[in-house]
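Here are the chains, one letter per residue:
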Amino acid sequence: MLKYIIRRLAMLIPVLLGVSLITFSLIHLIPGDPARSMLGEKASQQQLELLREEMGLNDPFIVQYGRFLGHIAQGDLGTSIQKKEDIASQLMEKLPATMELAIFAMILAVIIGVLAGVVAAIKQYSWFDNLSMTGALFGVSLPIFWLGLMMIWLFSVKFNILPPSGRLTAGVELNSITNFYLLDSILTGNWTAFKDAFSHLLMPGVALATIPMAIIARMTRSSMLEVMRQDYIRTANAKGLKKGLVVFQHALKNAFLPVLTVIGLQFGLLMGGAVLTETIFSWPGVGRYVYLAVLGRDYPIVQSAILVIAVIFVLVNLLTDLLYKYIDPRIKYN
Amino acid sequence: MTTPLLEVRNLRTHFFTKAGVVKAVDGVDFQISPGETLGIVGESGSGKSITAMSILGLIPSPPGKIVDGEILFKGENLLHKKEKEMRKIRGKEIAMVFQDPMTSLNPVFTVEKQMVETIMTHESLTKKQARARAVELLQLVGIPDPSQRLRTYPHEFSGGMRQRVMIAMAISCNPSLLIADEPTTALDVTIQAQILELFKQMQKELNMATIMITHDLGVVAEVCDEVMVMYAGKPAEFTNAKEIFTNGKHPYTTGLLHSIPKITPEKQKLKAIAGQPPDLRHLPQGCSFAPRCSKAMERCLTVDPEMRQVGENHQVRCLLYEDEASKKAVTT
């Protein structure tokens, strides 16, 4: 098991090299002069030359790439062009916001998605099955930005019951320990902040959960339908076990493997920052950071952020692979 | 005569599919006394397994439905019981062993979990006591080093060992009736003999009645007291196990007997029964075996025969013996 983890972590190196090469090339793939595209049309020749020198754009590609890698190896993700801030510390500050949103959305998606999928499978072709699967189809088809805007219009503008943006209302105090606001408010026993943070989390969380929820529900349904036909389910019924036990233990554990794969992939995606959701709800996370960086042509931020997102994605998938063993004892890692 | 433990009367289980009504079981009668072994023999699709599943109330519905009949277990009609009451009977009073031990145990749970949950569902024991009982049972069915093996998963057992686990699980609550649905079909021949021996031994020790569903007449000869031959959802012949080999009357029974390969130095051509079992959605008008029967008469194509008494504890559903039966009725 440990050997397997080490080997998988070692495999991270070529993956990250590949990702870094692609993100690094990004700057050179843009037509025209990178310095000009960063500084805009009105920049003087002197300013351009200064930036080129500063970013080392006059060196050969391979030298530039080597330097980029060297910095990353030391944990230095560079500084942003516009605000001259340290990118690594900026990302570290924004990651908890993204993770809080992703984890909340995923919990929502897994609980509702799996439950809906199981019930739909057990009551195949019933009104619930038809309704939930049609709902799931809508869930994967609705554009998030539209759904987000509609939610803001309905709950913030029309009924004024949920805040439209941010993580916390101005004026609400919270001592941050982990930067996960829900967790911090529980740790400090600050229930006013908890309520406020939760109300901020609700809409972006639901918006972000729709697609994974729909995919999980459909996957759970088809996997459960397959498993419920198996001989061991007949055995479990013949043993006189309660229906709930047969469905939620005997069947669901077997049906969960493909669902777990989907959960892992979706979670990896969400952890990397949900650009659309974070932008619409002005959620101060990685996604919005990247979005603003793209708008401001702040390429060092984009490069570093993509690299960090890739690391998170790969790590989440490794975790998923390790979890397989707990679900299916027949899986061997070697 | 002792009161029967299980009495099935005129059982009819049909499946209502889009392509038509499949009469999987269509008028089955039999009874079984405590400690007795009844063999149900027939080809695939003759309704053997559906009969068993009907007794346990495990017919998938829809499309399946028991449309007629009675299943009297210890005098009570199981068809009138609620699902909750049936759950108390399944695994406790009537237990079942299935054909394929490879797929009948849940692959993601340890043998311990699967055995303990059965025991704890039906008996008021603590987890520790249930575990001790599971160890005892595994020992009883001949699994070496049982307390160690209990912690392993089904895929770590061989096929024969898994079937032993299935049997241990089935007898864990001392059922009065054990239904074994082709329990040796998926096993190697040498293992088959061991498992049959185990069945006989368990039955003797626990005084269970057993329904042995099989397509193998060798199994019948080995373990059964009585035997019912089924064809196309109906019983064709019912008698004791000895009689079926020496005095099998129904042309289908004799056909089955002739199709058993004999171990002789010379190669012999097997006498197979010609044709295929009928489509259960469109059964022929008369006797459903008539199209394949070597002794079919004209009348067989139009008249569906009744079960007739042709000897002590010997019934046949065939027009050939109609006269014999009526003669007997006159003389007695």
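Residues numbered from 1 in each chain as written. Chains lettered and ligands numbered in written order. Predicted model: local features only at pLDDT ≥ 70, side-chain atom pairs only at ≥ 80, totals over all residues.

### Points about the overall build of chain B
Thought 1: A count of helices and strands for chain B gives twelve helices and twelve strands.
Thought 2: Relative to the 2.2 N^0.38 estimate, which gives 20 Å for 332 residues, the radius of gyration of chain B is 21 Å and therefore close to what a compact globule would have.
Thought 3: Expressed as lengths along the three principal axes of its C-alpha atoms, the size of chain B is roughly 65 × 55 × 45 Å.
Thought 4: Each of the 332 residues in chain B was classed as buried or not, and the buried ones make up 45%.
Thought 5: Taking all contacts inside chain B whose residues are at least 6 apart in sequence as the whole, residues at least 24 apart take part in 63%. (Helix = DSSP H or I, 4+ residues; strand = E, 2+ residues; numbered from the N terminus. Rg over C-alpha atoms; globule rule 2.2 N^0.38 Å. Buried ≥ 20, exposed ≤ 12 C-beta atoms within 10 Å, placed from the backbone. Contact = placed C-beta atoms within 7 Å.)

### Regarding the overall build of chain A
Thought 1: When you go through chain A residue by residue, the secondary structure sums to 14 helices and zero strands.
Thought 2: C-alpha extents for chain A along the principal axes are approximately 85 × 55 × 40 Å.
Thought 3: A total of 334 residues make up chain A; the buried ones form 36% of that total.

### Observations concerning unusual backbone geometry
Thought 1: One non-glycine residue, A:N160, lies in positive phi territory at about 55°.
Thought 2: Phi at B:K74 takes a positive value of approximately 50°, unusual for a residue other than glycine.
Thought 3: Within the secondary structure, B:K74 sits in the loop between strand 4 (64-73) and strand 5 (76-77).

### Quick look at the domain arrangement of chain A
Residue and element names in this part refer to chain A.
Thought 1: Under the domain assignment used here, chain A contains domain 1 (2-73) and domain 2 (92-327).
Thought 2: With centres defined by C-alpha atoms, the gap from domain 1 to domain 2 works out at 33 Å.
Thought 3: Of the residues lining the interface, twelve residues belong to domain 1; the matching set on domain 2 comes to nine residues.
Thought 4: Mapped by element, the contributors of at least two residues to the side of domain 1 that touches domain 2 are helix 1 (2-29) and helix 2 (34-39).
Thought 5: Here the side of domain 1 that touches domain 2 takes ten residues from helix 1, the largest share from any one element.
Thought 6: In terms of residue class, the side of domain 1 that touches domain 2 is built from eight nonpolar, three polar and one charged. (Domains from an automatic or database assignment. Nonpolar A, V, L, I, M, F, W, Y, C, P; charged D, E, K, R; others polar.)

### Focus: the sheet that holds strand 1 (residues 6-17) of chain B
All names here are of chain B.
Thought 1: Taken together, the four strands give an open sheet; going across it, the order is 2-1-4-5, and neighbouring strands pair in antiparallel fashion. Lying at the two open borders of the sheet, with one neighbouring strand each, are strand 2 (20-32) and strand 5.
Thought 2: Taken strand by strand, helix 1 (residues 48-56) contacts strand 1, strand 2 and strand 4, and its axis lies near 75° from that of strand 2. (Pairing = 2+ DSSP bridges. Axes fitted to C-alpha atoms, helices over the stretch in contact; angles between N-to-C directions.)

### What about the interface of chain A and chain B?
Interfaces are often described in size by the accessible area the parts lose on coming together.
Thought 1: With 19 residues of chain A at the contact, the number on the chain B side is 22 residues.
Thought 2: When its residues are assigned to classes, the side of chain A that touches chain B shows six nonpolar, six polar and seven charged.

### So, the packing of helix 5 (residues 87-122) of chain A against helix 6 (residues 127-141) of chain A
Residues and elements named next belong to chain A.
Thought 1: In the contact formed by helix 5 and helix 6, the axes pass within 8 Å of each other and the chain directions differ by 140°. As far as their axial angle goes, helix 6 and helix 5 are oblique. Read as a crossing pair, helix 5 and helix 6 show a hand that is left-handed. Every residue of helix 6 that contacts helix 5 at A116, V119 and A120 is listed here: F128, D129, S132 and M133.
Thought 2: Its residues assigned to classes, the contact of helix 5 with helix 6 shows five nonpolar, one polar and one charged. (Parallel < 35°, antiparallel > 145°, perpendicular 65-115°, else oblique. Left-handed = near helix turned anticlockwise from the far one by under 90°.)

### So, the nonpolar core
Residues and elements named next belong to chain A.
Thought 1: Counting residues in each nonpolar core, the largest one holds 160 residues, and the members touching the most others are I216 and A305.
Thought 2: Per element, the largest residue contribution to this core is 18 residues, and it comes from helix 9 (residues 191-228).
Thought 3: The residues touching A305, leaving out its near neighbours within four places in the chain, are L91, V286, Y289, V290 and A293. (Core = buried A, V, L, I, M, F, W, Y, C linked by C-beta atoms within 7 Å.)

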